[in-house]
Amino acid sequence: MARPASPQGLPATPEPFGARLRTWRQHRHLSQLDLADAADVSTRHVSFLETGRTNPSRDMVLRLCERLGVPLRERNALLTAAGYAPMYRERPLDDPAMAAARAAVELVLKGHEPCPAIALDRHWNVVATNRAAQALLASLVSPEQLADPINVFRLSLHPQGLAPRIVNLAQWRAHLFARLHQQIQATADPLLVQLQAELLQYPAPSDTEQTPLPGELLGVVMPFCIQTPQGQLSLISTTTIFGTPVDVTLQELAVESFFPADDFTAQVLRTLMHAAANTKAE
């Protein structure tokens, strides 16, 4: 799949602490009074913090971050802007210190076989897959389309990716955009905003009729229906995240696990997994 060049980054969040705080308050659609009440401080104090007339204590930075639901990565940035050392570590998943977390992710991925499962970073790039996911994707797209880094949104919606094979593309596209919008609202990540803009340039299906599908429970479960050489598969997915992360990488890591929505899909997944295991043994 042709990979478009990454667009130029959006303007970075202003460096001063006060400007960063104001950006997050406005992103959460809160007034200074709302934030003051939530943080148990005066509106005047919030105003002075945002204008730089008052320097926050370290505890105040953390309290405001907690009330605003700021992700760990941005909490570090706010601490640094206020003149304090970052609190949360960020290490790649292959760092020796992350061995326990990596083992937990691999355990979840392997334990989900013969059903596909993938681990994703904060930008929806694949960082790990189980053998079932590898086997399924290998049967649907060329090796060139699976070159690193694989972004699951691009792979799903690009006309040279999985999009032509997705039976319910209109519904699945709407589902993916809803998830992306939700994450943008939570994190204010400019790279996700760029990704959203890029995906909107991809051709949209002409049939946008949101008719219920077999296995769809009125917005609760959205099946992923895809045409394969073996026939039409129907999958549903769940997302697993670390419950109490104190590391930036772990907070931003998610495991997407797919389950068969019917007996035929379950049988095809078992067959693909068995064939993949025999090929590896040879």
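Because the structure is a prediction, the values reported are computed rather than measured. (Residues numbered from 1 in each chain as written. Predicted model: local features only at pLDDT ≥ 70, side-chain atom pairs only at ≥ 80, totals over all residues. Heavy atoms only, no water.)

Participant: Honestly, the environment of Arg63 in this entry has me stumped. Any pointers?
Facilitator: Structurally, Arg63 can be placed in helix H4 (residues 58-68). Linking Arg63 and Ala39, residues 24 residues apart in sequence, is a C-alpha distance of 6.6 Å. Not counting the four nearest positions on each side in its chain, Arg63 is found in contact with Ala39, Asp40 and Val41. Within the local environment of Arg63, its side chain forms a polar contact with the backbone oxygen of Ala39, the two atoms lying 2.6 Å apart. (Helix = DSSP H or I, 4+ residues; strand = E, 2+ residues; numbered from the N terminus. Contact = heavy atoms within 4.5 Å. Polar contact = N/O pair within 3.5 Å; in protein donor to acceptor, adjacent residues only side chain to side chain.)

Participant: Before we go on, may I ask you to explain the pattern of salt bridges in this structure?
Facilitator: Pairing between side chains of opposite charge can happen when the charged atoms of each approach one another. Enumeration over the complete set of coordinates arrives at 11 salt bridges. Between Arg122 and Asp189 there is a salt bridge; the shortest N-O distance is 2.8 Å. With Arg122 in the loop between strand S1 (117-120) and strand S2 (126-129) and Asp189 in the loop between helix H9 (169-187) and helix H10 (190-200), this pair connects stretches of sequence that are 67 residues apart. Judged by relative accessible area, which is 8%, Asp189 ranks as buried. (Salt bridge = Lys/Arg side-chain N within 4 Å of Asp/Glu carboxyl O. Buried < 20%, exposed > 50% of the residue type's maximum accessible area, 1.4 Å probe, protein only.)

Participant: I tried to follow the packing of aromatic side chains on my own but got confused; where do I start?
Facilitator: Each pair of aromatic rings is reported with the distance of its centres and the angle of its planes. For the structure on display, the rule yields 3 aromatic pairs. With 6.3 Å between their ring centres and 50° between their planes, Phe224 and Phe258 make a pair best called tilted. On the criterion of sequence distance, the pair formed by Phe224 in strand S3 (residues 224-228) and Phe258 in strand S5 (residues 254-260) is long-range, its members being 34 residues apart. Exposure class is identical for Phe224 and Phe258. Each is buried. Among the aromatic side chains, those forming a connected cluster through ring pairs are Trp172, Phe224 and Phe258. Here the basic side chain of Arg53 rests over the ring of Phe48, its NZ or CZ set 4.1 Å away from the ring centre. (Phe/Tyr/Trp six-rings, centres within 6.5 Å; stacked < 30°, edge-to-face > 60°. Lys NZ or Arg CZ within 6 Å of the ring centre and 35° of its normal.)

Participant: Would you take a moment to explain the side chain of Glu252 for this structure?
Facilitator: Within the element layout of this structure, Glu252 appears in the loop between helix H11 (248-251) and S5. In this structure Glu252 comes out as buried when scored by relative accessible area, which is 18%. Among all residues touching Glu252, those that are not within four sequence positions of it are Arg73, Leu120, Asp121 and Arg122.

Participant: Would you take a moment to explain empty space enclosed by the protein for this structure?
Facilitator: The gaps of empty space that remain are located by a probe, the size of a water molecule, rolled over the atoms. Tallying each qualifying case throughout the model produces 1 cavity of 30 Å³ or more. Reported here for the largest cavity is a volume of approximately 360 Å³. Forming the boundary of the largest cavity are 24 residues, of which Ile118, Val152, Ser156, Phe224 and Phe258 lie nearest the centre. At the level of elements, S1, S2, helix H7 (131-138), helix H8 (152-157), H9, S3 and S5 are the ones that each hand at least two residues to the lining of the largest cavity. A per-class count over the lining of the largest cavity returns 20 nonpolar, 2 polar and 2 charged. (1 Å grid on protein atoms, 1.4 Å probe; cavity = no way out; pocket = protein on both sides within 12 Å on 5 of 7 lines; lining within 4 Å. Points joined across faces, edges and corners; volume = space filled by probe spheres on them. Nonpolar A, V, L, I, M, F, W, Y, C, P; charged D, E, K, R; others polar.)

Participant: How should H9 be read in this particular structure?
Facilitator: Each α-helix turn comprises 3.6 residues. Residues three or four places apart therefore point the same way. Look at H9: 27 Å from first C-alpha to last across 19 residues, which is about the 27 Å you get at 1.5 Å a residue. Those residues of H9 not exposed but buried are Leu169, Ala170, Gln171, Trp172, Arg173, Leu176, Phe177, Arg179, Leu180, Gln183 and Ile184. Considering only its buried residues, H9 is in contact with helix H1 (17-27), H8, H10, S3, strand S4 (231-241) and S5. With its phi angle positive at about 55°, Ala188 sits one or two positions after the end of H9. (Expected span 1.5 Å × (residues − 1).)

Participant: Sorry, what's going on with the nonpolar core here?
Facilitator: Burial of nonpolar side chains together is a common tendency in soluble globular proteins. Of all hydrophobic cores here, the largest spans 37 residues; its most connected members are Trp124, Phe153, Leu157, Leu162, Leu180, Leu199 and Phe224. Those elements giving two or more residues to this core turn out to be S1, H7, H8, H9, H10, S3, S4 and helix H12 (263-281). Element by element, the count of residues in this core is highest for H9, at 6 residues. Discounting residues that sit within four places of it in the chain, Phe224 has contacts with Ile166, Asn168, Trp172, Leu233, Ser234, Leu235 and Phe258. Counting 18 residues, the second largest nonpolar core, distinct from the first, contains Trp24, Ala36, Leu49 and Val70. (Core = buried A, V, L, I, M, F, W, Y, C linked by side-chain atoms within 4.5 Å.)

Participant: Would you take a moment to explain the sheet that holds S2 for this structure?
Facilitator: Note: strands within a sheet are paired through backbone hydrogen bonds, in either parallel or antiparallel orientation. One open sheet accounts for 5 strands, arranged S2-S1-S5-S4-S3; its pairing is antiparallel. The sheet is open, and its two borders are formed by S2 and S3, each paired with just one other strand. For this sheet the average axis-to-axis angle between neighbouring strands, irrespective of direction, equals 30°. In this sheet, S5 lies alongside S1 in antiparallel orientation, the contact comprising 4 bridges. Each residue of the ladder has a partner; that of Leu120, found in S5, is Ala254. Strand contacts of helix H6 (residues 99-111): S1, S2 and S5, with the helix running at about 155° to S1, the strand carrying the most contacts. (Pairing = 2+ DSSP bridges. Axes fitted to C-alpha atoms, helices over the stretch in contact; angles between N-to-C directions.)

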